[in-house]
Amino acid sequence: MERYLRENFYVQPKRPTEDNLRRWRSAVSVVKNPRRRFRWVANLAQRAEAEQKRKKLQEKIRVALYVQKAALQFINAANRSGNYMLSKQVQEAGFGIEPDELASIVRSHDTKCLEHHEGVEGLAKAVRVSFQEGVSSSDIKHRQNIYGTNRHTEKPSRSLWMFVWDAMQDLTLMILIVCAVVSIGVGISTEGFPKGMYDGVGIILCIILVVLVTSISDYKQSLQFKDLDKEKKNVSIQVTRDSRRQKVSIHDLVVGDIIHLSIGNIVPADGLFISGFSLLIDESSLSGESEAVNVDKQKPFLLSGTTVQDGSAKMLVTSVGMRTEWGRLMETLNEGGDDETPLQVKLNGVATLIGKIGLVFALLTFLVLTGRFLLVKILHNEISKWSLNDASKLLNFFATAVIIIVVAVPEGLPLAVTLSLAFAMKKLMNDKALVRHLSACETMGSAGCICTDKTGTLTTNNMVVDKLWICEQTKAIKTGNRDDNMLKNSVSEEIYDLLLQSIFQNTASEVVKGEDGKIKVMGTPTESALLGFGLILGGDSKFYNEKYKIVKVEPFNSIRKKMSVLVSLPDSSNKTRAFCKGASEIVVKMCDKVVNAEGKVVDLNEQQRKSITEVIDGFASEALRTLCIAFKDIEGSSENIPEDKYVLIAIIGIKDPVRPGVKEAVKTCLQAGITVRMVTGDNINTAKAIARECGILTDGLAIEGPDFRNKTQQEMEQIIPKLQVMARSLPLDKHTLVTHLRNDFNEVVAVTGDGTNDAPALHEADIGFAMGIAGTEVAKENADVIVMDDNFATIVNVTRWGRSVYINIQKFVQFQLTVNVVALMLNFVSACVSGSAPLTAVQMLWVNMIMDTLGALALATEPPNDGLMKRPPIGRNASFITGVMWRNIIGQSIYQTIVLLILKFRGEHILKLNGPDASSILNTVIFNTFVFCQVFNEVNSRDMEKINVFQGLFSSWIFLMVMASTICFQVIIVEFLGAFAQTVPLSRDLWLTSIIIGALSLVVAVALKCIPVPVRNYVSTHHDGYEPLPTGPELA
């Protein structure tokens, strides 16, 4: 079976090829209800159609962007009259421009129309907004009524009745409904009313129950996915509103909002550039063109859906929602659905294989029953005599064959994966992990390596300045209230002023007043720590920004590892000053002078360089992040920021404590056979100190990025297994490491990232984790999971749930295959030997619901247990149906089949049944025993290897509810619905007999689990060079 599944039903977890997707679809056969079975499967035809639409729209946008509709602009300018008329609605609202014209200015890059409205400032007046104050919160609803909301057209969600309709499309249920209707007609004419209609009505009622339970379960799943989808789209952006900078949801943006853009942001609406520095925009998502575009006051047009590749800016929102090109494009983005997961595909293969076997058995059962019936008629010379009773019998034979197909085709297998994933994703969302791609939940169960960032993931990201080296003195900084004299007594006024100026002007963050009137910093944690330190020293950002005009900014990014700014000096028209801050080693190399103990600028000699390096190493060994601050005065006006000959002002040590629980989370990973590697841009000594504290760095290797990237392939293969820490790394180093781990060592790799440049590594990894707080939108778009609290422990929790999903599906498969085998064998052998099937159509439909919808609900939603993280990861190529599962399936099937067949053929004698209703009582006992065998086998399936299957039972409330409802409904069917289900009430002794025979399967399970099963290894050698422990669910 495993070979068949690998050849026909295998897809890659990420970005499967279209050939792969088409291959498994063509291999699927014996499908009862395609609409339900393939609901969560991508529609390739719809997707191809949407792709064509998208390409046409992109081409149209590309023409608009690069040809700029010059002729149209000329015509518009010629037709634009001086008596420009506004609609009554716009006039009454107090605005000076129509929504469609405002939208077309940016969409068409219409510079003529922009000039006609007196530029960006003129449009700001037309939409009644001030660049300093922004939109007023009280005006939001008003603006939305005129200019629209920032939401795109979405497909309406499906109602419960649509799921009911889908459930009714099951071919076998349709056939059974026809059989039931015919049975009612034949029954009434032969047995009279109402007795003759009981069989047919019983089938119809059971079908209604199956359809309702199935559709309600599917509807609840769809609601879970809808909630997750809503959470995915909930992105925040910084705006100026009510005269202060604040974060709002992109859905709440309105025309006139002043948005603050920085590296990694996705532009959330169409707009115009107000001010900023070095803004570089990637428009490939709209136009398909890969070359980034510079946006400035000469070319101020910003389009929704594009990405900020570099720089920062403020923009004025001019159009939102469906008035933007991105809004139109978004209509096509989700057409065709998401790719199916590997487990969904694999279980479609299992369902196909078992369905074929079931079809053969159903056909054989029908032929045997019909053959025996005809043989009896021939032997009694009645072959030419046919009555309605004979027709009713043949109809019952056909219904039995159809029912065997209903039970034998495990339609619920692929859907159980979706149910389990939906349940896990909902729970993970509550635990601060937003799963963007279904397959990530599955794949995380196989992860053997996690490459994690340090800052914010292993540490708290609550940074404060802890130490300062300035004028050859090291000072410990006490955080708390403002202290103007902290440095004034030991540092000259000039150096003190330089330090504050560098802090408040060389920054991408902003000091703002909150709603409560308190001062706070909006920006990254590092910037917040520095600005907070400046405020403690008594500095004032407004004073410096008014006194010194910023000429140019080079924002920090993970490649430069520094930020620089050029400011003009007020006392001279041709003098500028450059400030630089960043990674200590990089900034120190750029300096040739330093401020000495007397506060004088002196040349930096080798001895001083050595002592500065010692200071940096000393700070780093205390697990402090180190930053250097430098300046350079430049004679003559210049717009280029220099790269050398700076004066070193200070070295700052920033404290970022390790998160509580991280050490325990790392220990859990190591126990689970998962290697944790730290990849950080920080100083190697800081990285090593934090790694030791977390338990990541033990006796392994710590290396710097420049050394790593210069290694040969052979050297890489030698050092990567021992590598535990990589410091001063570039995003490209992370990508290289992930590629080598996946290709050379066959590892399933999870990687974390927060910056724009982490996108390639997140894309390349098997599972990409983006940080929800510190992460850019570009990183989140390329990730599979968003860690909402930026906590490493959350990543470990995703791993736990990933393993749980895999194991839960295996439990359900084991349970369902056992029911399939027993139902097939019982009906087939009984038909061959006695000429009748022991279980009626209604009874088999109830059994099908127990093993399909209810079984999936009970087993596929079991919460993870601690044992899951005490075994190695599941191998990349591990068999899904393992030897342990086959042992349990075959053993339980043999026990149940033998017991039920003994009851069928010797039951009356063993149970001492006599009288006219002995046969009805026996058949009821067989049905009751069969159901209780499945109830107790469901309990057995909770753990495939351990003897104690009751551990954690009372924490799994869904399982308990399913068990209780199954037993209650079984009592109702047997005791009260006999007319429809063809059962009779049983005595207390017979109830006890059925329960005891069912419960004996627990004893059988204990005996089976004592039989050893050889375990096959599928995982490559681990990072430490030792052979891995055996993998698979056997060790759960």
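Residues numbered from 1 in each chain as written. Predicted model: local features only at pLDDT ≥ 70, side-chain atom pairs only at ≥ 80, totals over all residues. Heavy atoms only, no water.

I keep staring at helix 26 (residues 662–671) and nothing clicks. Help me out?
Since there are 3.6 residues in each turn of an α-helix, residues three or four apart along the chain are aligned in direction. Within the sequence span of helix 26, burial applies to Val662, Ala665, Val666, Thr668 and Cys669. One side of helix 26 carries all its buried residues, which in axial view fall inside an arc of 155°. Relative to its buried face, helix 26 has exposed residues pointing more than 90 degrees away, namely Lys663, Glu664 and Lys667. Residues of helix 26 that are buried in the fold lie against strand 9 (449–452), strand 21 (675–679), helix 27 (684–694) and helix 33 (792–834). Once helix 26 finishes, glycine 673 follows within two positions and takes phi at roughly 75°, a positive value. (Buried < 20%, exposed > 50% of the residue type's maximum accessible area, 1.4 Å probe, protein only. Helix = DSSP H or I, 4+ residues; strand = E, 2+ residues; numbered from the N terminus. Arc of directions from axis to C-beta. Contact = heavy atoms within 4.5 Å.)

How should the confidence of the model for the chain be read in this particular structure?
Should pLDDT be low for a region, the predicted coordinates there are not to be read in detail. Looking at the chain as a whole, the pLDDT averages 85, with 94% of positions reaching at least 70. Across the chain, element-level confidence peaks in helix 39 (residues 988–1009) with a mean pLDDT of 95 and bottoms out in helix 5 (residues 70–79) with 48. Across residues 69–75 the pLDDT falls below 50, and counting only partners more than four positions away or on other chains, this stretch makes eight contacts in the model. Taken as a whole, residues 77–83 scores under 50 in pLDDT and shows six contacts with residues more than four places along the chain or in a different chain. (pLDDT = per-residue confidence, 0-100.)

What should I look at first to understand the sheet that holds strand 25 (residues 767–771) in this one?
Sheet strands line up and pair through hydrogen bonds in the backbone, either parallel or antiparallel. The mixed open sheet is built from eight strands, whose spatial order is 8-26-25-24-9-21-23-22. Across the chains shown, the open sheet's two edge strands, defined by having one partner strand only, are strand 8 (433–435) and strand 22 (701–704). For this sheet, the mean inter-axis angle between neighbouring strands, taken without regard to orientation, is 20°. As paired strands, strand 22 and strand 23 (residues 723–727) are joined by four bridges and run parallel to one another. Note that in strand 23 the partner of glutamate 704 across the bridge is alanine 727. Along the sheet, helix 33 contacts strand 8, strand 9, strand 21, strand 24 (749–753), strand 25 and strand 26 (785–787); its crossing angle with strand 9, the most-contacted strand, is approximately 155°. (Pairing = 2+ DSSP bridges. Axes fitted to C-alpha atoms, helices over the stretch in contact; angles between N-to-C directions.)

Explanation requested: the pairing of strand 16 (residues 575–583) in the structure shown.
Both faces of the sheet carry side chains from a regular strand, because those side chains alternate between them. For strand 16, the tally of buried residues reaches eight of nine residues, placing the bulk of the element in the interior. Pairing between strand 15 (residues 562–568) and strand 16: seven bridges, direction antiparallel. Pairing of valine 565 across the sheet is with phenylalanine 579, part of strand 16. Here strand 16 pairs with strand 19 (residues 624–635) via nine bridges, running antiparallel. Residue pairing in the sheet places lysine 575 in a bridge with glutamate 635 of strand 19.

It is not clear to me how the domain arrangement of the chain should be interpreted in this structure. Could you clarify?
Interfaces are frequently sized by the accessible area removed from exposure as the parts join. When cut into domains, the chain gives domain 1 (87–151 + 251–334), domain 2 (433–459 + 659–790), domain 3 (464–655) and domain 4 (804–1014). Relative to domain 2, the C-alpha centre of domain 1 lies at a distance of 37 Å. The interface is formed by five residues belonging to domain 1 together with five residues belonging to domain 2. The contact between domain 1 and domain 2 buries some 370 Å² in all, and 73% of this surface belongs to carbon and sulfur atoms. (Domains from an automatic or database assignment. Buried area = accessible area lost by both parts, 1.4 Å probe.)

Explain the pattern of salt bridges here, please?
Where charged atoms of side chains with opposite charge meet at close range, the side chains can pair. Applying the stated criterion to the full structure yields 31 salt bridges. Residues aspartate 633 and arginine 577 are paired through a salt bridge, measuring 2.6 Å at the closest nitrogen-oxygen approach. On the criterion of sequence distance, the pair formed by aspartate 633 in strand 19 and arginine 577 in strand 16 is long-range, its members being 56 residues apart. Given the relative accessible area of 13%, arginine 577 is considered buried. Here glutamate 862 makes a salt bridge to lysine 811, at a shortest N to O gap of 3.7 Å. A residue pair is termed long-range when its members are at least 10 positions apart, and glutamate 862 in the loop between helix 34 (841–859) and helix 35 (883–910) and lysine 811 in helix 33 qualify at 51 residues. Both residues of the pair, glutamate 862 and lysine 811, belong to the buried class. Among the ionic contacts, a cluster of salt bridges with common partners joins Arg35, Arg158 and Asp166. (Salt bridge = Lys/Arg side-chain N within 4 Å of Asp/Glu carboxyl O.)

Please explain the side chain of serine 502 as it appears in this structure.
Residue placement: serine 502 occurs in helix 21 (residues 493–505). For serine 502, the side chain forms a polar contact with the main-chain oxygen of leucine 499, separated by 2.6 Å. (Polar contact = N/O pair within 3.5 Å; in protein donor to acceptor, adjacent residues only side chain to side chain.)

I keep staring at the UniProt feature "domain: Cation-transporting P-type ATPase N-terminal" (unreviewed entry) in the chain and nothing clicks. Help me out?
UniProt records the feature "domain: Cation-transporting P-type ATPase N-terminal" (unreviewed entry) at residues 114–188, using the numbering of this structure. In residues 114–188, the share of helix is 60% and the share of strand is 0%. The end C-alpha atoms are 82 Å apart. (UniProt positions renumbered as here; feature names shortened; annotations may be inferred.)

Sorry, what's going on with the packing of aromatic side chains here?
Each aromatic ring pair is summarised here by two numbers: the centre-to-centre distance and the angle between the ring planes. In total, this model carries 14 aromatic pairs according to the counting rule given. For the pair tryptophan 24 and phenylalanine 38, a centre-to-centre distance of 6.3 Å together with 55° between the ring planes defines the contact as tilted. A residue pair is termed long-range when its members are at least 10 positions apart, and tryptophan 24 in helix 2 (residues 18–27) and phenylalanine 38 in the loop between helix 3 (34–37) and helix 4 (44–66) qualify at 14 residues. Owing to a relative accessible area of 27%, phenylalanine 38 belongs among the partly exposed residues under this scheme. Summarising the aromatic geometry, the rings of phenylalanine 423 and tryptophan 801 are spaced 6.0 Å apart at their centres and angled 65° between planes, so their arrangement reads as edge-to-face. (Phe/Tyr/Trp six-rings, centres within 6.5 Å; stacked < 30°, edge-to-face > 60°.)

Got a minute to help me understand the nonpolar core in this structure?
Across soluble globular proteins, nonpolar side chains show a tendency to be buried alongside one another. Ranked by size, the top nonpolar core spans 165 residues in total, and within it Leu176, Phe769, Phe792 and Ile809 carry the most contacts. Taken domain by domain, the makeup of this core includes at least three residues from each of domain 2 (433–459 + 659–790) and domain 4 (804–1014). Among all residues touching phenylalanine 792, those that are not within four sequence positions of it are Ile450, Thr452, Thr457, Leu458, Val662, Ala665, Val666, Cys669 and Val676. With 39 residues, the next largest nonpolar core counts Phe504, Met563, Leu569 and Ile652 among its residues. (Core = buried A, V, L, I, M, F, W, Y, C linked by side-chain atoms within 4.5 Å.)

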